[in-house]
Amino acid sequence: MTTPGTEGTRRRESVFHRLYVGTGAFDIVGKRARWYVSLGLLVLVCIGSIGFKGFNLGIDFEGGTKLQMPAVGAQGPISDGQVQDAFREAVGRPAETVQIVGTGANQTIQIRTEALDVEEVGAVKQTLFTQLQPLDAQGRPSEQVISDSAVSGTWGGEITQQALIALGVFLVLVTAFLAFYFEKWMAVAALVALLHDVVVTAGVYSLIGFEVTPSTVIGLLTILGFSLYDTVVVFDKVKENTRGLLGLTRRTYPEAANLAVNQTLMRSINTSVIALLPVAGLLVVGAGMLGVGMLRDLALVQLIGMTAGVISSIFLATPLLVDLKMRESKYREHEVKVRQRRERAAAKAAGEDVPEEAPKQAVSAGAGTSRRPSRPAGKSGRPTGKRRR
């Protein structure tokens, strides 16, 4: 007798047990159509956002002026609204971004805007000092603590160009390695999953409006290795499970691949959690507490990209591999043989006649019937020495 709620607890324990043991209970490959639809819609949304909305490019790509000052003034903490009002009063238009970074005594205010000339920079610095009175290290108001720097958009463009070249070389080398170590269809499936991760990560940046900096581009390249690692782990298990498969009739190729995904599912989850923990710590401590913008951009793209990589290695790479492999006639014929063997086994278990053995029985029965009358005929046809009278 079970108490209310006990059955649900047992079900949850059963799910976790199956997840840990990896017996193939989760039909990931068999339900691949729904994963294709879900991930396909996500990719379409990301591509649409990239095409119509674009990216929030930082001044490293577009060029501009960056000003920085302490977040504490003579009247106390300085808010981003006060800085925005002072900037608008100085040049007649608002700044693109005003951001408070860091904590405690290291807290600063960063102002990013389009390119300003020398007169405009001087006017902004003078207005900020007059209205907000930022303090220096000795606690005295000083205009010198307001720094400015001009950034050229060509530097960010060069970083992007080098990143695209590195991405192309990486994809070529990955394709050659996978085709040599595994096979061509595994290389194709891994590349599709890799492109999915890049598109989804870029699309999330476009949808949410995160600022794209050179650190973002560099971080985008780092997620490719993680995504590829997780996919290779699953494919290696698929290769092990399908070795000599065509000579057996125990499992079909989709079933063996699904078993491989289940057997590596817990490992993928554990690896992802362990990998995402330091990235989350980098995002919270480095960007949130210390205010290092470069760490924020680097950690944010890694957090999004690694999550997309885990999803694609489980729900996209292996199901796509199965569809590519099942295009070959030998695997389709093998699947038919497996089905026929199971049907014969089910018929025998139910006490029914096996369809394939019926013709053999009919032939032997027919042969026996044709021989039996021949012997009496031959015997009656021999002369017996008796005559009629």
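Rules behind the numbers
- Residues numbered from 1 in each chain as written.
- Predicted model: local features only at pLDDT ≥ 70, side-chain atom pairs only at ≥ 80, totals over all residues.
- Heavy atoms only, no water.
- Helix = DSSP H or I, 4+ residues; strand = E, 2+ residues; numbered from the N terminus.
- Buried < 20%, exposed > 50% of the residue type's maximum accessible area, 1.4 Å probe, protein only.
- Areas by Shrake-Rupley, 256 points an atom, 1.4 Å probe, with all protein chains shown as cover.
- UniProt positions renumbered as here; feature names shortened; annotations may be inferred.
- Pairing = 2+ DSSP bridges.
- Axes fitted to C-alpha atoms, helices over the stretch in contact; angles between N-to-C directions.
- Contact = heavy atoms within 4.5 Å.
- pLDDT = per-residue confidence, 0-100.
- Core = buried A, V, L, I, M, F, W, Y, C linked by side-chain atoms within 4.5 Å.

**Concerning the overall build of the protein chain**
Across its full length, the protein chain carries 13 helices and eight strands. Burial statistics for the protein chain: of 389 residues in total, 38% are counted as buried. For the protein chain, the accessible area works out to roughly 22300 Å², and carbon and sulfur atoms hold 60% of it.

**Focus on the UniProt feature "transmembrane region" (unreviewed entry) in the protein chain**
Feature annotation in UniProt assigns "transmembrane region" (unreviewed entry) to the following positions: residues 35–52, 163–182, 189–210, 216–235, 273–294 and 300–322. Helix and strand shares over residues 163–182 are 95% and 0% respectively, and the end C-alpha atoms of the span are 27 Å apart. Summarising residues 216–235: 100% helix, 0% strand, and an end-to-end C-alpha distance of 29 Å.

**Regarding the pairing of strand 6 (residues 108–113)**
Each regular strand shows side chains that alternate between the opposite faces of the sheet. A large share of strand 6 lies buried, amounting to six of its six residues. Covered by surrounding structure in strand 6 are Thr108, Gln110 and Arg112 together with Ile109, Ile111 and Thr113, the residues of both alternating faces. In terms of strand pairing, strand 5 (residues 97–101) meets strand 6 through five bridges, oriented antiparallel. Considered in strand 6, the bridge of Val101 is made with Thr108.

**Some points on the sheet that holds strand 6**
Strand pairs in the sheet, formed through backbone hydrogen bonds, run parallel or antiparallel to each other. Sheet architecture is open: four strands sit in the order 5-6-2-7, paired in antiparallel fashion. At either end of the open sheet lies a strand with only one pairing partner, and these are strand 5 and strand 7 (147–151). Neighbouring strand axes in the sheet, compared pairwise and without regard to direction, differ in orientation by 20° on average. Lying on the sheet, helix 5 (residues 118–132) is in contact with strand 2 (64–70), strand 6 and strand 7; it crosses strand 2 at an angle near 20°.

**Comments concerning the confidence of the model for the protein chain**
Averaged over every residue, the pLDDT of the protein chain is 79; the share at 70 or more is 79%. For the stretch residues 1–13, pLDDT sits under 50, and the model shows one contact to residues farther than four places along the chain or on other chains. With pLDDT under 50 throughout, residues 357–381 is counted as low confidence; its partners more than four residues away or in other chains account for one contact.

**Quick look at the nonpolar core**
When a protein is soluble and globular, its nonpolar side chains tend to lie buried together. Counting residues in each nonpolar core, the largest one holds 43 residues, and the members touching the most others are Leu178, Met186, Phe235, Val238, Tyr253 and Leu321. Listed by contribution, the elements that provide at least two residues to this core are helix 6 (153–181), helix 7 (184–208), helix 8 (214–241), helix 9 (253–289) and helix 10 (293–325). In terms of residue count, helix 10 provides more of this core than any other element does, ten residues in total. Membership of the second largest hydrophobic core comes to 19 residues, among which are Met69, Val98, Leu116 and Phe129.

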